[in-house]
Amino acid sequence: MACRDSVGLPYEITLELHRDGALYGTVGERCGWLLVRLARGVAEARAVSEAQWPDPDDRFPDEEELFAFRYRTRNGIVSGGELRCQLRTIPIWIPAQRGATGEWRLTRRAFVEAWGGGGVGMRAVLTSAELAAFVESLVTEAEECLAPQESGNPTRTR
């Protein structure tokens, strides 16, 4: 949803979370620049060949928490939902093949969690490719909301 200035021009975005077609929460007031920065960071991390994370799907920016969007009322009270993304390292045991010893393999995943105003939560576990696609779709939708509109075409506020 577009945030508008005093003359009604869109200048930033706020995210509306929907679940089964119903509004689930409103978060991240003026978060567009954070999403653009994250999209760039994920793309750069995937492009770098790194010995510790040979699989591009395990490569993410270095922060443990990639974003945490909440809704705050004008008096500073947090309500209305939360959307956050944290990185977690997951050890997976790879059993031995033909007499060799097994080994641990580490993978990294992004845990995207959404909490509605009523306290109900949802979680998605994403590879870096899936996170990149998710954030890119948010950025694309934000750019559509903020794009100058031709007369007769209302600004998209979804």
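Residues numbered from 1 in each chain as written. Predicted model: local features only at pLDDT ≥ 70, side-chain atom pairs only at ≥ 80, totals over all residues. Heavy atoms only, no water.

Peer 1: Would you mind going over the confidence of the model for the protein with me for this structure?
Peer 2: Averaged over the protein, the pLDDT score is 82; the fraction of residues at 70 or greater is 82%. The least confident element of the protein, judged by mean pLDDT, is strand β1 (residues 2–4) at 68; the most confident is strand β8 (residues 121–126) at 93. (pLDDT = per-residue confidence, 0-100. Helix = DSSP H or I, 4+ residues; strand = E, 2+ residues; numbered from the N terminus.)

Peer 1: How should I be thinking about the nonpolar core in this particular structure?
Peer 2: What tends to happen in soluble globular proteins is that the nonpolar side chains get buried as a cluster. Grouped together as the largest cluster of nonpolar side chains are 27 residues, with contacts concentrated most on Leu-15, Leu-35, Leu-66, Phe-69, Leu-83 and Leu-131. The set of elements that each furnish at least two residues to this core consists of β3 (15–19), β4 (22–27), α1 (32–47), β5 (65–72), β6 (78–94), β7 (103–115) and α2 (128–146). Per-element accounting of this core gives the leading share, 6 residues, to α2. Non-local contacts of Leu-83, meaning those with residues more than four positions away in its chain, are made with Leu-15, Leu-17, Val-27, Phe-67, Ala-68, Phe-69, Val-112, Glu-113 and Ala-114. (Core = buried A, V, L, I, M, F, W, Y, C linked by side-chain atoms within 4.5 Å. Buried < 20%, exposed > 50% of the residue type's maximum accessible area, 1.4 Å probe, protein only. Contact = heavy atoms within 4.5 Å.)

Peer 1: Could you clarify how one ought to interpret the packing of aromatic side chains in this entry?
Peer 2: Both the distance between ring centres and the angle between the ring planes are used here to describe each pair of aromatic rings. Applying the stated criterion to the full structure yields 2 aromatic pairs. Taken together, a centroid distance of 4.9 Å and an interplanar angle of 15 degrees make the contact between Phe-67 and Phe-69 stacked. Taking the relative accessible area as the measure of exposure, Phe-67 reaches 6% and is therefore buried. For Phe-69, a relative accessible area of 5% puts it in the buried group. Aromatic pair Trp-93 and Trp-104: ring centres 5.2 Å apart, planes at 70 degrees, arrangement edge-to-face. Within this pair, whereas Trp-93 is found in strand β6, its partner Trp-104 is found in strand β7, the two being separated by 11 residues in sequence. Take Trp-93: its relative accessible area is 43%, and that puts it in the partly exposed class. (Phe/Tyr/Trp six-rings, centres within 6.5 Å; stacked < 30°, edge-to-face > 60°.)

Peer 1: I'm lost on the packing of α1 against α2 in this one. Help?
Peer 2: Axis separation between α1 and α2 bottoms out at 9 Å; the angle between their running directions is 150 degrees. For the element pair α1 / α2, the angle class is roughly antiparallel. Handedness of the α1/α2 crossing: left-handed. Contact residues: α1 offers Leu-35, Val-36, Leu-38, Ala-39, Val-42 and Arg-46, while α2 offers Ser-128, Ala-129, Leu-131, Ala-132, Val-135, Glu-136, Leu-138 and Val-139. (Axes fitted to C-alpha atoms, helices over the stretch in contact; angles between N-to-C directions. Parallel < 35°, antiparallel > 145°, perpendicular 65-115°, else oblique. Left-handed = near helix turned anticlockwise from the far one by under 90°.)

Peer 1: Looking at this structure, I do not really get the environment of Cys-31. What am I missing?
Peer 2: With respect to the secondary-structure elements, Cys-31 resides in the loop between β4 and α1. Through-space distance from the C-alpha of Cys-31 to that of Ala-68 is 10.0 Å; in sequence the pair is 37 residues apart. Residues contacting Cys-31, with those up to four places away along its chain left out, are Glu-12, Ile-13, Leu-15 and Phe-69.

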